[in-house]
Amino acid sequence: MRPRLLALLASPLFALPLAAQLPGYAPASAERQKAVEAAAVSVPDAARARVHSRALASEVHVAGTEAQARTRDYVIDQMKAMGLQTEVRAYDVWMPHPTNVQVWRLSPDTLVLSLQEPPVAEDPWSQLPQYPTVNGYSGSGNVTGQIIYVGYGLVEDYATLDSMGISVKGHVVLARYGRSFRGIKAREAEKHGAKALLIYSDPQDDGFVRGDVYPEGPFRNENGVQRGSVMNMNGDPSTPGWGSTRDARRIPVDSMDVPRIPVVPISWGNAAKLLEDVRGADIPPGWQGGMPFRYHVGPGPVQVRVIVENDTATNAMKTIWNTYGIIRGSEFPDEMVLIGGHRDAWSVGSSDNVSGTVSVLEAARAVADQVKAGHRPRRTMVFATWDAEEWGLIGSTEYVEEDSLRLMRGGVAYLNQDGGASGPNFGGGGSPSLREMLRDVARGVPDPSGKGNVYEVWRQSARVAADSLEPRMGDPGGGSDFAGFYNHLGIPIADWGFSGRGGGVYHSAYDTPHFQEKFGDTGYLYHATTARVGAAMMLRLANADIVPYDYVEFARTMRGYLPGIEEELTKAGVGSAASGMAALGSAIDRMETAAAAWAAARDAALASAAPARPVLERTNRALREVERALTRPEGLRTRPWFRNLIYAADENNGYANVVFPSVIEASRRKDAALTASELADLASRFEKAAAALDTARAALGS
């Protein structure tokens, strides 16, 4: 550990807030908790984080490979050494791997494109054998067609092409990465009749236009490729909605929700060799990228051939492995607090997601040390690492689907670590009910910059001037392993991490320890800091007399969305349904009133001593129902797996978040009656959430 960080740990900045009472804790419990958190936060170590990172990033470890099995063994060995109970769960999932990927330019002349990312002399990890340059769940095929440039390949981009009288049917489309999930790009290309899709990172978005490229800088060089899955569902496509256990029922391949056309990621250097000679129609406004020539739409005269072959016929089913380190709760063992990050990667994955795995390991060690010192948590703690996240959140989804009943009954919170440390800039998000807790924990963790605690530096970097304002937090729409917990089951979640400048090695062979140590978290201090936050969050949730969800902030956050929702309805031409907004607003007000009354009752009940254990059990059980009440068992009409009606990933974007998705999706269909029905349904669920808060208050005898 560096001397400056040791000095920080000894400074007053390291102390937890000196409030007389932590929310959810009686005074005696609060004093014990402050001491336990302070001790745990001192444990995560940058030098140890570096050792873990180097070990886990020693080879390319794609899900379904022997190399990935070795990361499983490493994590389990580490957790056993900490004294944790361990478990490995295997799932058999339908996950074909590519066996052959090739792209040729056939005209105006013949050129075989070299798809692999060439090694960088100063980066020994870039010289390791690479996973083939193909998108996960690409369809197979051997196709030939003229190139058509489709911008970012968004829904609206195809609408623009339609207005120009240009059809992509029978052609090969070339799309830029960015502005939506790559699976949406594949869906739209196939939907419009394209034979294949090639996706590249334009230097205007992720390259020399933005800054120096690797290895001189952190941005993507002309040979860098972004791999990634193009499946739009979560979990094993052969078991949609249920766990992929050995004896699980499987749907046939032709019923699976996966692409049927070849989808291949390429570098901008290769994209230039195709796009430079494309002619045909001029590009629409905003479609010009950063390559040094004028872009055109096509079609042709450039013609390409694309081949993708995989092992569907011989080895489509792969085994994946989740790992768990478990500390059983001393008083409320059926109540569970979980933290997790995915182990798989498309390369050695130093940032994505070895850094998250390291954070989970170091947080586990910090808590395990407290257990050895006699401070066993009151609730059960689970330290998880997930497999096959990169293919569609598969490992975490299968766990949630297999254990849904246990999680629905006892799941207190899930904390996610994905890309946990690749620079100095802190960010966080999740359910509004956990945001104040995350801010408070960040106040008790020193920032490696030496400029204060994590919270103070976060405020400074976010330029938050007014004392009444807070740094913006992200919403849990989807896209990482929290989705099964929050979007599917309604379990509150939080996530956080440190990012850096540039993202030029994302899903590339250059996401290596060399990149990390040159441009990311150079001393692994932020790896350790992320784990400090994780250890404190786990302990805060696991030891509370009453779990300190903040439903006043939750309700106020919901009210803040209402003007934007009303504007969306007016834009969509379903303003007649907006009368339901008043009822929704009233239901949210009712929730805030119930939340404020609940918080006052909780603080009063804990003012001197904690109530008896049966009272705490009844109270916490009622609290767990608050956000469950905001889910719908039948899910969204467009995507039944998404049961949470507060946030979801945009059905036509994948990365963008949608607030109140059931209402917004109805309005986008310009169906006023359905929009009104969805508003009424959502309002009724806020009323149920308020009723759950009333039940919690009654359980305390208030």
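Residues numbered from 1 in each chain as written. Predicted model: local features only at pLDDT ≥ 70, side-chain atom pairs only at ≥ 80, totals over all residues. Heavy atoms only, no water.

1. Things to note about the side chain of Thr-380
Here is step 1: As for its placement among the helices and strands, Thr-380 is situated in strand β15 (residues 379–386).
Here is step 2: A polar contact is formed between the side chain of Thr-380 and the backbone oxygen of Pro-333, at a distance of 2.6 Å.
Here is step 3: Contacts of Thr-380, omitting those with residues within four sequence positions, involve Ile-326, Ile-327, Arg-328, Gly-329, Phe-332, Pro-333, Glu-335, Met-336 and Val-337. (Helix = DSSP H or I, 4+ residues; strand = E, 2+ residues; numbered from the N terminus. Polar contact = N/O pair within 3.5 Å; in protein donor to acceptor, adjacent residues only side chain to side chain. Contact = heavy atoms within 4.5 Å.)

2. Concerning unusual backbone geometry
Note: most peptide bonds trans; most residues except glycine with negative phi.
Here is step 1: Here Ser-107 and Pro-108 are connected by a cis peptide whose omega angle stands at 10 degrees.
Here is step 2: Of note, Pro-108 is situated in the loop between β2 (98–107) and β3 (111–112).
Here is step 3: The residue His-507 is not glycine, and still its phi comes out positive at about 60 degrees.
Here is step 4: For Tyr-524, which is not a glycine, the phi torsion comes out positive at approximately 60 degrees.
Here is step 5: For Tyr-524, the position within the fold is in the loop between α16 (513–519) and α17 (525–543).

3. Description of the packing of helix α13 (residues 435–443) against α17
Here is step 1: Viewed as axis vectors pointing N to C, α13 and α17 meet at an angle of 125 degrees, and their least axial separation amounts to 10 Å. In terms of orientation, α13 lies oblique with respect to α17. The crossing of α13 and α17 is right-handed. Here Met-437, Leu-438, Asp-440 and Val-441 of α13 lie close against α17, whose contacting residues are Val-533, Ala-536, Met-537, Arg-540 and Leu-541.
Here is step 2: For the contact of α13 with α17, a count of residues per class yields 7 nonpolar, no polar and 2 charged. (Axes fitted to C-alpha atoms, helices over the stretch in contact; angles between N-to-C directions. Parallel < 35°, antiparallel > 145°, perpendicular 65-115°, else oblique. Left-handed = near helix turned anticlockwise from the far one by under 90°. Nonpolar A, V, L, I, M, F, W, Y, C, P; charged D, E, K, R; others polar.)

4. Looking at helix α5 (residues 155–163)
Here is step 1: Restricting attention to buried positions, one finds in α5 the residues Asp-157, Tyr-158 and Leu-161. One side of α5 holds all its buried residues, which, seen down the axis, span an arc of 95 degrees.
Here is step 2: In this fold, the buried residues of α5 make contact with β6 (172–176), α6 (182–191) and β11 (296–298).
Here is step 3: In the stretch just after α5, Gly-165 is the one whose phi turns positive, near 75 degrees. (Buried < 20%, exposed > 50% of the residue type's maximum accessible area, 1.4 Å probe, protein only. Arc of directions from axis to C-beta.)

5. Things to note about the packing of helix α10 (residues 350–372) against α17
Here is step 1: Across the interface, α10 lies against α17 with an axial gap of 8 Å and an inter-helix angle of 50 degrees. As judged from the angle between their axes, α10 and α17 are oblique. In this structure, α10 crosses over α17, and the sense of that crossing is right-handed. Mapping the contact onto sequence places Ser-355, Val-358, Ser-359, Glu-362, Ala-363, Ala-366 and Val-367 in α10 and His-527, Thr-530, Ala-531, Gly-534, Ala-535 and Leu-539 in α17.
Here is step 2: Class assignment of the residues belonging to the contact of α10 with α17 gives a composition of 7 nonpolar, 5 polar and 1 charged.

6. Comments concerning the nonpolar core
Here is step 1: Formed by 199 residues in total, the largest nonpolar core has its most connected members in Phe-383, Phe-660 and Phe-686.
Here is step 2: A total of 10 residues in this core trace back to one element, the largest contributor, which is α17.
Here is step 3: Among residues more than four places away in sequence, those in contact with Phe-383 are Met-79, Leu-84, Thr-323, Tyr-324, Gly-325, Ile-327, Ile-339, Val-360, Ala-363, Ala-364, Val-367 and Met-538.
Here is step 4: Within the second largest apolar cluster, 5 residues are counted, among which are Val-120, Tyr-214, Val-505 and Phe-515. (Core = buried A, V, L, I, M, F, W, Y, C linked by side-chain atoms within 4.5 Å.)

7. Examining the pairing of strand β18 (residues 493–499)
Here is step 1: Burial runs high along β18: 5 of the 7 residues are buried.
Here is step 2: Note: strand β16 (residues 411–416) against β18, 3 bridges, orientation parallel. Bridge pairing links Asn-416 to Asp-495 in β18.
Here is step 3: When strand β17 (residues 425–430) meets β18, the two strands line up antiparallel, connected through 6 bridges. Bridge pairing links Asn-425 to Ser-499 in β18. (Pairing = 2+ DSSP bridges.)

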